[in-house]
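Coordinates in review
Here's the letter readout for the chains.
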Amino acid sequence: MIHTCENGAISVQTLHTTMRFGAFTALDDVSIDIPAGTFHALLGENGAGKSTLVKCMMGFYNATSGELLVKGREARMTDPKVAQKLGLGMVYQHFTLVPSLTGAENLVISRADTPGLIDWRRETRALDAFMTKMPFHVPLDQPVSRLAAGEKQKLEIIKQLYLGNRFLILDEPTSVLTPAEADEVLGHVRALTQAGEITVLMITHKFREVSAFADDVSILRRGKYVGGGSVADMSIEDMSRAMMGEAPVISTRSRRDTVKQPLLTMNGIKARDRTGLKPIEIDDVTLHSGEILGIAGISGNGQMELMEILTGQRRMEQGDIRVNGAQYGATRAEARAHAIRYLPEEPLRNACAPRMSVAENIAFRMFDAGKDGKTAFWNDSGAIARNAATLIKAFNVKTSSPAARIASLSGGNVQRAVLGRELTGDVKALIVSNPCFGLDFAAVSSIRDRLVEARNQGTAILLISEDLDEIMELSDRILVMSEGRIAYETPIATANVEQIGQYMAGHH
Amino acid sequence: MEPVEIGLWGVPLAILGGAIRVSTPFIFVSLGECLTERSGRINLGLEGTLVFGAISGYAVAYETGNPFLGVLAAALAGACFGLLHGWICKFKGVNDIAVGIAMMLFGMGLAFFFGKPYIQPQAPDLPAIPFGWWSDTPQVQAALQVNILFILGAILAVAMAWMFKSTRVGLTVRVVGDSTDAARAMGINPNSVRLLSTAAGGALAGIGGAYLSLYYPGSWTEGVSSGQGLMAIALVIFARWNPINCFWAALLFGGTGALGPALQSVGISEGYYLFFAAPYVLTLILLIMTSSPDRAMQGAPLELSLTK
């Protein structure tokens, strides 16, 4: 096995690593070899132990037992600083760049030997020289908050190289990128490994990226190493079987023919984005009953603002929203009258009172609804309990009791609970944003089933999602948002991933 | 010297002079708060620190006969208040705003307690530099009597802006203020950075207090501060956490504060007390004007509990 390459890449091995948190074993005797200058993929579902393993490698956790070899020598990762000194660096899924600092400032301050007084002229010159050797270019003179997600991801990788790290752990690096951007970034990373400059361990759940870029793969399930080897020797079926255990039950989501009638229209809407600098302009979008209208786009292109406009959280400068021909201002009364419901992203934060109970949280739509459409003054605790019991059962929410805090539930269960709340009764329209973000395979599948079922029953669904696969799988019609506008529209029959990706990236 | 009749020119001149005189405590408190907030913490207690700085400065200047020792003592006292605030806020679940309000009342109460014996005696004043020597008009000379603390404040504003941009300390403070996680990942201890920033901010507010009691108005009374410590916090928001903007904003506030006396000096006494309220009205107007229902606050440190 090669421990170091000429250009600096280094090898890392874990030997029989076990990590226990109390009685729970997060990692069970995992051994992985990553020779210098290779691109290694770490596959596994949520909770399979991938992050625990890399955190042990990086010194955030002290493994209960087992050894870690760096360049063939044993290393005690007692502290993240030890890992840094040995040349191990990690690119997190959530960016660790400081948003208000410029790229250059971020790079310089992250160095261990930042001088007390920074001579910017010298630093700029040094950075320019360094950047000419980099495979991708990122503007360093702008605050990071103004960079696109892809640029931030590149800058994170550049930062690790700038710090002189030769073993990079990439944690789901492409989750915020378009397919084209992902290919570009991973292509460059692969070139760096082939040149022997770095060794890469990439956490992912995308088989396509594994087979296209990785040399080797290791698969974890429930904390155990369940398979792996050279990517060339493994088929996607092998990998998916190892990852899921048995072949997952693929639900045949049958799409029924539905009557499509215009329900909600947005006309000539103008608003400002969060920074107040860029305009959001939605000219003419109509949502029909019995369809899933997918809105694709890279985060930060106005989808969040669109959601906020529809929920009444963002002021419109111009234009109007009409539901069945009537003006719609997204007040609670109007939403109730038209039976329009919402499932925002990260529902625990955006659609729940985290410390209130599950029963209370899923009563938010009905607790104040009295008889014959009036608002009730007194809470009917019996009705709230009945509502909770029905929804928890119908939507398969796993909770210790309806009185448990909703914050104590796992992400998938919170999502199902809120979806249950929003889908009770005769729902005319459901506006959803990134419903499956961060959920595991089974939870994703059940959420998607529910959405398609609601569609089949005639509910109009507006699906805003950054996951293009999800859009392709669920939508009847697809809109692409880019730079605050609708850049492209296509029915699913003629939808083409490459083309949509290009519109997402704004190349048109 | 006999006052020369200069008519309505007296108003802008008096406003200019007043701006320079009145703004100095604003400059120091707002720079101090700017530093503290850039590190991701709010110290609402600076009003208390200011008042306590005023009495400790006054007392030490009176006892030693040296006003500069008074300023130093005020800075030390302010730093102690800052350290206390920073230390309490370190604990989990402690809200910096609530602690700040408690510290404000604590500082004022303590100052009044220690201040009783110093209401009568007269401490030496801080010196001023007569920049109006070239003019024969006494009004011009009076307006251009610039206290050295004002000059120091101006230099400090530039120095702080430079520090935020070009020193490791400055960048570290900004990193901590923007992202606790990023700071931890870099091996910076956010709590110590915030503790020191709050202490330094407190020291600056203490100096602002010493200016009040040792130069303008130049005596110790329980009403020595008229809310400068609180208004300076609004001023930092208005200045978008930029030290140089803090300086200009402080001048603007000082000028507005001098509006009442200036108009009085040319014989406009109608609504006199209303003009005294001008800085407070300005605070309200500026906060409303610079806010927006549509966008997040620009330039705000992201770890600030105001922006979370």
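None of these values were measured; they are calculated from a predicted model.

Remarks on the interface of chain B and chain A
In this complex, chain B contributes 20 residues to the contact, which on the side of chain A involves 23 residues. Roughly 1900 Å² is buried in total at the junction of chain B and chain A, and carbon and sulfur atoms are behind 57% of that figure. With a closest N to O distance of 3.0 Å, Glu105 of chain A and Arg174 of chain B form a salt bridge. Summed over the shared surface of chain B and chain A, the result is seven residue pairs in polar contact (both at pLDDT 80 or more). For the side of chain B that touches chain A, the secondary structure elements donating two or more residues are helix H6 (148-166), helix H7 (168-178) and helix H8 (180-185) of chain B. Counting residues per element, the side of chain B that touches chain A draws most heavily on H7 of chain B, which supplies six residues. Residues that form the side of chain B that touches chain A fall into these classes: nine nonpolar, five polar and six charged.

A short note on the domain arrangement of chain A
Residue and element names in this part refer to chain A. According to the domain assignment, chain A contains domain 1 (12-244), domain 2 (249-339 + 427-508) and domain 3 (349-425). Inter-centroid distance (C-alpha atoms) of domain 1 to domain 2 is 33 Å. Facing seven residues of domain 1, the contacting portion of domain 2 comprises 11 residues. Note on domain 1 versus domain 2: buried area summed over both sides is about 760 Å², and carbon and sulfur give 67% of it. Our count for the contact surface shared by domain 1 and domain 2 stands at zero salt bridges. Taken together, the connections running from domain 1 to domain 2 amount to zero residue pairs in polar contact (both at pLDDT 80 or more).

Observations regarding the pairing of strand E16 (residues 340-343) of chain A
Residues and elements named next belong to chain A. By the alternation rule, side chains of E16 split into Ile340 and Tyr342 and Arg341 and Leu343, which are all buried. Relative to strand E17 (residues 429-433), E16 runs parallel, the two sharing four bridges. Note on E17: the bridge partner recorded for Ile340 is Ala429.

Considering the side chain of Thr193 of chain A
Of note, Thr193 of chain A is situated in helix H6 (residues 179-194). A distance of 2.6 Å separates a polar atom in the side chain of Thr193 of chain A from the backbone oxygen of Arg190 of chain A.

Here's the deal with the packing of aromatic side chains
With the rule as written, the count across this model stands at 16 aromatic pairs over all chains. Ring centres of Phe130 of chain A and Tyr162 of chain A lie 5.2 Å apart, and the angle between their planes is 70°; on these two criteria the pair is classed as edge-to-face. In this pair, Phe130 of chain A is assigned in helix H4 (residues 120-132) and Tyr162 of chain A in helix H5 (residues 149-162), connecting sequence segments 32 residues apart. Ring plane angle 45° and centroid distance 5.8 Å describe the contact between Phe150 of chain B and Phe247 of chain B, whose orientation is recorded as tilted. Taken together, the residues span a long stretch of sequence, with Phe150 of chain B in helix H6 and Phe247 of chain B in helix H11 (residues 243-257) at a distance of 97 residues. Accessibility assignment for this pair places Phe150 of chain B and Phe247 of chain B in one class, buried. Members of the aromatic cluster, joined through ring pairs, are Phe52, Phe81, Phe106, Phe113 and Phe114 of chain B. Over the aromatic face of Phe395 of chain A sits the side chain of Arg450 of chain A, whose NZ or CZ is 4.3 Å from the ring centroid. It is Arg38 of chain B that lies over the ring of Phe164 of chain B; its NZ or CZ is 4.8 Å from the centre.

The rules we used
Residues numbered from 1 in each chain as written. Chains lettered and ligands numbered in written order. Predicted model: local features only at pLDDT ≥ 70, side-chain atom pairs only at ≥ 80, totals over all residues. Heavy atoms only, no water. Contact = heavy atoms within 4.5 Å. Buried area = accessible area lost by both parts, 1.4 Å probe. Salt bridge = Lys/Arg side-chain N within 4 Å of Asp/Glu carboxyl O. Polar contact = N/O pair within 3.5 Å; in protein donor to acceptor, adjacent residues only side chain to side chain. Helix = DSSP H or I, 4+ residues; strand = E, 2+ residues; numbered from the N terminus. Nonpolar A, V, L, I, M, F, W, Y, C, P; charged D, E, K, R; others polar. Domains from an automatic or database assignment. Buried < 20%, exposed > 50% of the residue type's maximum accessible area, 1.4 Å probe, protein only. Pairing = 2+ DSSP bridges. Phe/Tyr/Trp six-rings, centres within 6.5 Å; stacked < 30°, edge-to-face > 60°. Lys NZ or Arg CZ within 6 Å of the ring centre and 35° of its normal.

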